[in-house]
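Residue-level structural notes
Residues per chain are reported as follows:
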Amino acid sequence: MRRVDGANRTTVTEFVLLGFPGSPSLRLPLFLTFLSVYLLSFTNTLIIFVVLMDSTLQTPMYIFLGNLSFLEIWCTTATVPKLLATCLSRVVAISAPGCIAQLHFFFSTGATECILRAAMAYDRYMAMCSPLRYSLLMNGQICLKISAGSWVGGFFAPLLPTILISHLNFCGPQKINHFFCDSDPIFKLSCSDTFFMEALSYTFSSAVILSSFLLTLSSYGSIVATVVRLSSREARKKTFSTCASHLTVVTIYYGTIIFAYVRPPAKCNFTIGKVVSVFYCVLTPLVNPLVYTLRNQEVKKAFRKFLVRKAFFFTRVIEKF
């Protein structure tokens, strides 16, 4: 803290992240658990690499999946390192500018993910319900424009609330009841009137989350309605299996973020909020590659082909020596 000239109060220049409360004996198991999940989530890197290396996977569906995988890496990197630090130490400090930067990065990646998930659902809707027009309406160029628009839109969506939050006065205490700089714990620490900013943040988050959720839900609903009319029982079974796994991830992701951010201001239980945050910060990035790609036969085939080529290359190198 530092004292403000001419005022009998102090202003906060750094915050302390409290993380999860509990016995010290639980800290190491929690750290190892979160670390393991965090490292496993980097299988997203493998998906990006396979999509880039195999020309057969450079289609709209896999371009979106590559973007989502890249996004998940950054989303977890924005929050999980501080979560791991809070498991090992009772005092984890973050500067006030660093806290605002983390908040914006977290919400911008979250907004981008919502837009990307809606685009992915719409892509599957077009492929299943309008196959004859699919190549015209969802070609590679359009897909890249949608992906770029998702990133740009996701960056700018939380920009105004972040700028307003950065101008709040923080007079202490400086302890954030979370494992990263989330909006509600920051609002609780401010000595400014935060009603307008809380309402604005609630409006922005609700608009992004609910619009993308409704588009995703309607897309999968239309797919299910189309599949029901299929004459082939095997085709229905295969499509329902794929949709069920996708909807499971969508339900977990949207269910947790709707619980966390689509609610009136000032109604917040920080303990429950931290548990819910683990789902969309830690678990969802791990589940995404398993559901969307590693269960996909095309991705498995491309990965096996890549391994065979590498094995052949290393065999030739060894033979030369």
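Residues numbered from 1 in each chain as written. Predicted model: local features only at pLDDT ≥ 70, side-chain atom pairs only at ≥ 80, totals over all residues. Heavy atoms only, no water.

**Brief notes about helix H7 (residues 159-166)**
Residues Pro161, Thr162 and Ile165 constitute the buried set of H7. The arc that holds the buried residues of H7, viewed along the axis, is 100 degrees, so those residues lie on one side. Considering only its buried residues, H7 is in contact with helix H4 (96-129), helix H8 (183-189) and helix H9 (195-228). (Buried < 20%, exposed > 50% of the residue type's maximum accessible area, 1.4 Å probe, protein only. Helix = DSSP H or I, 4+ residues; strand = E, 2+ residues; numbered from the N terminus. Arc of directions from axis to C-beta. Contact = heavy atoms within 4.5 Å.)

**Some thoughts on helix H2 (residues 43-53)**
Here H2 has its buried residues at Asn44, Ile47, Ile48, Val50 and Val51. Taken end-on, H2 shows its buried residues confined to a sector of 165 degrees, consistent with a single buried face.

**Details of empty space enclosed by the protein**
Evaluation of the coordinates by the stated rule reveals 4 cavities of 30 Å³ or more. What the largest cavity holds in volume is close to 460 Å³. Lining of the largest cavity is provided by 29 residues; of these, Phe107, Ser201, Ser205, Ile209 and Tyr261 occupy positions nearest its centre. Elements with a minimum of two residues in the lining of the largest cavity: H4, H7, H8, H9 and helix H10 (233-261). (1 Å grid on protein atoms, 1.4 Å probe; cavity = no way out; pocket = protein on both sides within 12 Å on 5 of 7 lines; lining within 4 Å. Points joined across faces, edges and corners; volume = space filled by probe spheres on them.)

**Looking at the confidence of the model for the protein chain**
The pLDDT averaged across the protein chain works out to 83; a share of 87% of its residues lies at or above 70. Note on residues 1-6: pLDDT under 50 across the span, and 14 contacts to partners over four residues away in sequence or across chains. (pLDDT = per-residue confidence, 0-100.)

**Let's talk about the pattern of salt bridges**
Counted under the stated rule, the structure contains 3 salt bridges. A salt bridge links Arg117 to Glu72; the shortest N-O distance between them is 3.6 Å. In this pair, Arg117 is assigned in helix H4 and Glu72 in helix H3 (residues 60-88), connecting sequence segments 45 residues apart. Note on Arg117: relative accessible area 3%, which makes it buried. Exposure remark for Glu72: the relative accessible area of 1% places this residue in the buried category. Note that Glu113 and Arg117 form a salt bridge whose closest N and O atoms lie 2.8 Å from each other. In this pair, Glu113 and Arg117 both sit in helix H4, 4 residues apart, roughly one turn of the helix. On the accessibility criterion, Glu113 (1% relative accessible area) is buried. (Salt bridge = Lys/Arg side-chain N within 4 Å of Asp/Glu carboxyl O.)

**Quick notes on the state of the cysteines**
Enumeration according to the criterion identifies 1 disulfide in this entry. Here Cys99 is linked by a disulfide to Cys181, with a sulfur-sulfur distance of 2.0 Å. Where Cys99 bonds to Cys181 through sulfur, the torsion about that S-S bond is close to -125 degrees, and the disulfide is left-handed. Placement of the pair is Cys99 in helix H4 and Cys181 in the loop between strand S5 (175-176) and H8, with a sequence separation of 82 residues. Like Cys181, Cys99 is buried. Here Cys114 is not disulfide-linked; the sulfur of Cys75 is the nearest cysteine sulfur, at 10.0 Å. The buried category is assigned to Cys114, whose relative accessible area is 2%. (Disulfide = S-S within 2.5 Å.)

**Remarks on the environment of Gln58**
Structurally, the position occupied by Gln58 is in the loop between H2 and H3. On a C-alpha basis, the gap between Gln58 and Gly140 in space is 8.1 Å, while along the polypeptide they are 82 residues apart. In this structure Gln58 touches Val51, Leu52 and Ile63, once residues within four positions along its chain are discounted.

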